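Here are the chains, one letter per residue:
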Amino acid sequence: MRSVFPFVVVVCAGAGVGLAQHEPRVLLLTGADAPGLPGVTFDDFSRVSFDAVDSVVFRASLAGAGVTSANEESFWRLHEGALTLIARAGNPAPFNAPGFTFTGMDNIVAQDASAVFSATASNDGGATERSGIWRWTDGVGIELLVGVGDVLPGLGGAPVEGVNRSAFAANASGDVAFVGALDAGFATTGLWQIVDGVTSVVAIEDEPTPDGGPNPFSSNLIRARIDDNAVVAIGGLLVSSDAAAYSTRDGSLQKVARSGDALNNRPAETLGLIETINQRSDGLLAFSGSLDIFGFDSAIFAESAPGVLDVVIAEGDPASGVPGGVIDGFGAFFTPFAVSDSGHVAYHASFDGFEVIGGFNDEGIWYGPIGAQTLVVEAADDLEAVEG
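Residues numbered from 1 in each chain as written. Predicted model: local features only at pLDDT ≥ 70, side-chain atom pairs only at ≥ 80, totals over all residues. Heavy atoms only, no water.

Points about the overall build of the protein
Counting its regular elements, the protein contains one helix and 27 strands. The buried share among the 388 residues of the protein stands at 48%. Carbon and sulfur atoms provide 51% of the accessible area of the protein, an area that totals close to 17,000 Å². (Helix = DSSP H or I, 4+ residues; strand = E, 2+ residues; numbered from the N terminus. Buried < 20%, exposed > 50% of the residue type's maximum accessible area, 1.4 Å probe, protein only. Areas by Shrake-Rupley, 256 points an atom, 1.4 Å probe, with all protein chains shown as cover.)

Structural data, given as structure tokens:
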């Protein structure tokens, strides 16, 4: 029997091999029992991430016996059919001072046999919340990586005023890159990395960029990515008409792309703005942004070789697999895209065209190499609920 469910955790089995060749599979449905919590069920899912050992971690809202707004948020791991509670609001939170409990769960990234997550914690019943990033390890538990009040390198011993709970990244080796704000008399944003247990600064707001451009690093630019070789990448706006992406893949932070750069497969156009970035394990980047600096057509870009930038897909392009469909925007899933080590790109987009009904069948997920993406799943497609 096939059914459509509004709240599910769905994966495409074998995604690392070739997403387009595999059917979406339902792993978990809302209403299912939350293991170890009698009378409690899953009410909602978000922030899904998976690792190389086929573990899936996710954020879940809970409902049922004893659940209140103070303890409804949680993180879980699904591995080989078994669910494990990672952290839950209301439970004790390791921090740089005693007596803290988690008050809110934000984002989570899977690592092999572990996970890194961002959350808030409080020691005064939630009146004062402090942000931080923690690591959970199977069989070990939870440890704080960085939190408000910690002292980081970069501004002469200034303490952390806040941690950006959505702008962090982790790799399979346990290395982490994160964005924080330092209390240096005013809030200054920076990007740090924790590699082999050592914390070091990557970039600080208002400092010059390594390519000597006219605009310094800005808080809009500093967004973290880190690959399995501990290469850190950042990208975004410097000012309203200037965006750039940088990487440490050559040993130090260097420019990868900047507004106005040429596009390999569309020589009549240039790179406009840069928004969200992703990277492959070989350090090549992909990012969302726009065509031409004052253009309004959003697009997804990817390097096919160092410094060679191609357009993957842009607004106005045909929607592959949708007869007469035209791409008209990109969504939030995959933020809104992901890139594999083979150079294949997955993206979530909306489209318009004949027999397209807004809010019903106007969205899809595509996957494949540049210029040959295949529609994997479309809004209004049926999904089959498979046990396990």
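So, the sheet that holds strand E18 (residues 254-258)
By definition, the strands of a sheet pair up through backbone hydrogen bonds, in either a parallel or an antiparallel sense. Pairing within the open sheet is antiparallel, and its four strands lie in the order E15-E16-E17-E18. In the strand order of this sheet, the two ends are held by strand E15 (225-226) and E18, each with one partner. Across two bridges, E15 lies against strand E16 (residues 232-239) in antiparallel orientation. Within E16, the residue paired with Ile226 across the bridge is Val232. (Pairing = 2+ DSSP bridges.)

A closer look at the side chain of Thr248
Tracing the chain through its elements places Thr248 in the loop between strand E17 (242-247) and E18. Here Val232 takes part through its backbone nitrogen, which lies 2.9 Å from a polar atom of the side chain of Thr248. (Polar contact = N/O pair within 3.5 Å; in protein donor to acceptor, adjacent residues only side chain to side chain.)

As for the nonpolar core
With 18 residues, the main nonpolar core has Leu191, Phe217, Ile234, Tyr246 and Leu253 as its most contacted residues. Broken down by secondary-structure element, the contributors of at least two residues to this core are strand E11 (160-170), strand E12 (176-183), strand E14 (198-204), E16 and E17. (Core = buried A, V, L, I, M, F, W, Y, C linked by side-chain atoms within 4.5 Å.)

Overview of the pairing of strand E25 (residues 345-352)
Judged by how many residues are buried, E25 sits mostly within the fold: six of eight residues are covered. Bridge analysis of strand E23 (residues 326-330) against E25 gives four bridges, and the strand direction is antiparallel. Looking at the pairing, Phe330 lines up with Ala349 of E25. Alignment of strand E24 (residues 337-339) against E25, held across three bridges, turns out to be antiparallel. By the bridge assignment, Val339 is partnered in E25 with Val345. Between E24 and the antiparallel strand that follows it, E25, lie five residues; Gly343 among them carries a positive phi value of about 90°.

Some details on unusual backbone geometry
A positive phi is found at Arg47, a non-glycine position, where the angle reads about 55°. Examined against the element boundaries, Arg47 turns out to sit in strand E3 (residues 40-50). Despite not being glycine, Ala230 has its phi angle at roughly 65°, a positive value. Position of Ala230 among the secondary structure elements: in the loop between E15 and E16. For Ala230, a relative accessible area of 19% gives the class buried.

Overview of the sheet that holds strand E8 (residues 114-122)
With respect to topology, four strands assemble into an open sheet ordered E7-E8-E9-E10, the strand pairing being antiparallel. Each of the sheet's edge strands pairs with one partner strand only, and the pair in question is strand E7 (101-111) and strand E10 (141-147). Recorded for the sheet is a direction-independent mean angle of 30° between the axes of neighbouring strands. Pairing analysis gives six bridges linking strand E9 (residues 130-137) to E10, with the strands arranged antiparallel. The residue of E10 that forms the bridge with Thr137 is Gly141. (Axes fitted to C-alpha atoms, helices over the stretch in contact; angles between N-to-C directions.)

Some details on the packing of aromatic side chains
Aromatic ring pairs are described here by two measures, namely the spacing of the ring centres and the angle between the planes. Within this structure, the stated rule accounts for 16 aromatic pairs. For the ring pair Phe102 and Trp134, a centre distance of 5.0 Å and an interplane angle of 75° mean the geometry is edge-to-face. One end of the pair, Phe102, is in strand E7; the other, Trp134, is in strand E9, and 32 residues separate them in sequence. Looking at Phe102, the relative accessible area reads 1%, which means it is buried. Taking relative accessible area as the criterion, Trp134 reaches 0% and is therefore assigned buried. Seen from their ring centres, Phe117 and Trp134 are 5.9 Å apart, and the 15° between their planes marks the pair as stacked. With a gap of 17 residues between them, Phe117 in strand E8 and Trp134 in strand E9 connect regions that are remote in the sequence. An aromatic cluster is built from Phe75, Phe95, Phe100, Phe102, Phe117 and Trp134, whose rings are joined through pairwise contacts. (Phe/Tyr/Trp six-rings, centres within 6.5 Å; stacked < 30°, edge-to-face > 60°.)

Regarding the pattern of salt bridges
Throughout the structure, instances matching the rule amount to 10 salt bridges. Across the salt bridge formed by Arg59 and Glu73, the nearest N and O atoms sit 3.2 Å from each other. Taken together, the residues Arg59 in strand E4 (residues 56-64) and Glu73 in strand E5 (residues 73-79) connect sequence positions 14 residues apart. Across the pair Arg266 and Glu269 runs a salt bridge, and its minimum N-O distance is 3.9 Å. Residue Arg266 is classed as partly exposed on the basis of its relative accessible area, which comes to 23%. (Salt bridge = Lys/Arg side-chain N within 4 Å of Asp/Glu carboxyl O.)

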